[in-house]
Amino acid sequence: MAKYTREDIIRMTEEEDVEFIRLQFTDMFGMLKNVAVTSSQLLKALGHECTFDGAAIEGLSGDSRCDMTLHPDLDTFEIFPWRPQQGKVARLICDIYDADGRPAGGDCRGVLRRVCRQAQEQGYCFSLKPACEFFLFQVDDQGLPTTITHERAGYFDVAPNDFAENVRRDIVLNLEEMGFEIEASHHEIAAGQHAIDFAPSDALTAADRLMTFKLATKSIAKRHGLYATFMPKPKRDEYGSGMHLLVSLTGKDGQDLFGDRDGGLTGAAYSFIAGVLAHMPGMTAVFNPLVNSYKRFVPGYEAPVTISWSATFRDSLIGISRPQSGPVRIELRSPDGTANPYLAFALVLAAGLSGICRKLPAPKPLAQSLAGMDRAELSELKLEQLPMSLGEAVKAMEQDELVKEVLGEQIAKTYIKTKQREWNVYNAQVTQWELEQYLNRY
């Protein structure tokens, strides 16, 4: 059942003194975009009369016909509480249609919507619970970000050691004012690192909220004179930032399909795990889309490095979460906060569904913890490792037919081409490390 009607949006805009409405969408690389209109243009926007040049967004337009139309999802109407309270700013998240009135092939939200629809047609209902980490750093005299933090707090520390406790509180309170349910927030292990855990929701809502969360976090941090970054590994010799995804699966009657009555896992759970593990190399370029993402996959820093699962050891790629109430959740630990959530969520759900449909058997779980092992020791265990670079991940993506099918030809082709170019440009750089190691020796 719809949350809002057109009349509701118009009424709330008038009653709440909303002056600007941001018509938002996300490009395939996870960057939030918008076309802003004043309240005087709201009727046109609600009537799908707001167009923009799709050629300006890489991969969005599949041909030379660049005019695209934004179709606001009325249920996503929210007022930004951190913006001025006179002449308020609201947002509507939009789906993108091409000039012929068809859903655009490059619309990432549409990719996730298709996967969710397929799951529903098979009698499944997925729920996702993201847990996202980020750093708060100082800015320089020009307001540009640095990697400096003056605090030395660690896991779950409180003020005065935790300098940014008030920043996290402001983020959470603003999100709750927008209707979010935040289960927890805390200081993470590295200095300046923080985490916020969402309550479970349907996949599309979870992706919408994650994009809003990143915008809110950056905006509120700036108001406190800080810079928030979801860059996976901004500092050498520090723990990186990830985005764990906890997935539950229920039937139409609400029955938990991952957990059985005896406290174990069902056949569907094992097959879901098997499907995700089977396609993990091909999905990694979406879960971890930056050159920097692979600096996080280093043994000894808690991020997973092997394609493995365990109900016991937290250094595996996939874990099992059994809350005191609610369904069993399968936890994927490799993605980071720079991933496009619409594409990432679509892929993990599709891979898991493929495992269930094919009744794949899960490999044996880890028999021991991997903590403290280096790559040589890990290789002796005969465990497949995650791609070690963006280049390896893109190559694996090119070879995975399910990944390309889920993304669609237009997104898959552009994504692979762009990320391969990014990897090639990176490889051509001469780094400061190379100069320090070699310049005065050779």
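For the structure itself, look to the data block above.
Residues numbered from 1 in each chain as written. Predicted model: local features only at pLDDT ≥ 70, side-chain atom pairs only at ≥ 80, totals over all residues. Heavy atoms only, no water.

### Focus on the nonpolar core
Working step 1: Within the largest apolar cluster, 103 residues are counted, with the highest numbers of intra-cluster contacts made by Leu-112 and Phe-213.
Working step 2: Looking at this core element by element, the count peaks at 12 residues for helix α8 (residues 341-358).
Working step 3: Apart from residues lying up to four places away in sequence, Leu-112 is in contact with Ala-203, Leu-204, Ala-207, Tyr-342, Phe-345, Ala-346 and Leu-349.
Working step 4: Counting 24 residues, the second-largest nonpolar core is a separate cluster that includes Ile-57, Leu-60, Leu-74 and Ala-90. (Core = buried A, V, L, I, M, F, W, Y, C linked by side-chain atoms within 4.5 Å. Buried < 20%, exposed > 50% of the residue type's maximum accessible area, 1.4 Å probe, protein only. Helix = DSSP H or I, 4+ residues; strand = E, 2+ residues; numbered from the N terminus. Contact = heavy atoms within 4.5 Å.)

### Brief notes about the environment of Glu-165
Working step 1: Inspection of the secondary structure assignment puts Glu-165 in helix α4 (residues 165-177).
Working step 2: Glu-165 gets classed as partly exposed once you look at its relative accessible area, which sits at 31%.
Working step 3: Distance in space between the C-alpha atoms of Glu-165 and His-194 is 9.4 Å, their sequence separation being 29 residues.

### Examining the pairing of strand β9 (residues 193-198)
Working step 1: Counting buried residues along β9, 6 of its 6 residues qualify, which places the element largely inside the surrounding structure.
Working step 2: The two faces of β9 match: Gln-193, Ala-195 and Asp-197 on one face and His-194, Ile-196 and Phe-198 on the other face are all buried.
Working step 3: Summarising the sheet, strand β7 (residues 124-138) and β9 pair through 5 bridges and their orientation is antiparallel. If you follow Phe-134 over to β9, its bridge partner there is His-194.
Working step 4: Of the strand pairs in this sheet, strand β8 (residues 182-187) and β9 are connected by 5 bridges, and their pairing is antiparallel. Each residue of the ladder has a partner; that of His-186, found in β9, is Ala-195.
Working step 5: Joining the antiparallel neighbours β8 and β9 is a turn of 5 residues, in which Gly-192 adopts a positive phi near 80°. (Pairing = 2+ DSSP bridges.)

### Thoughts on unusual backbone geometry
Working step 1: Put simply, Ala-159 and Pro-160 share a cis peptide bond, and its omega is 10°.
Working step 2: Note that Pro-160 resides in the loop between β7 and α4.
Working step 3: The backbone phi angle of Asp-17 is positive, close to 55°, even though this residue is not glycine.
Working step 4: Along the chain, Asp-17 falls in the loop between α1 (6-15) and β1 (18-26).
Working step 5: Judged by its relative accessible area of 33%, Asp-17 is partly exposed.
Working step 6: Despite not being glycine, Phe-156 shows a phi value in the positive range, around 60°.
Working step 7: Mapping Phe-156 onto the fold places it in the loop between β7 and α4.

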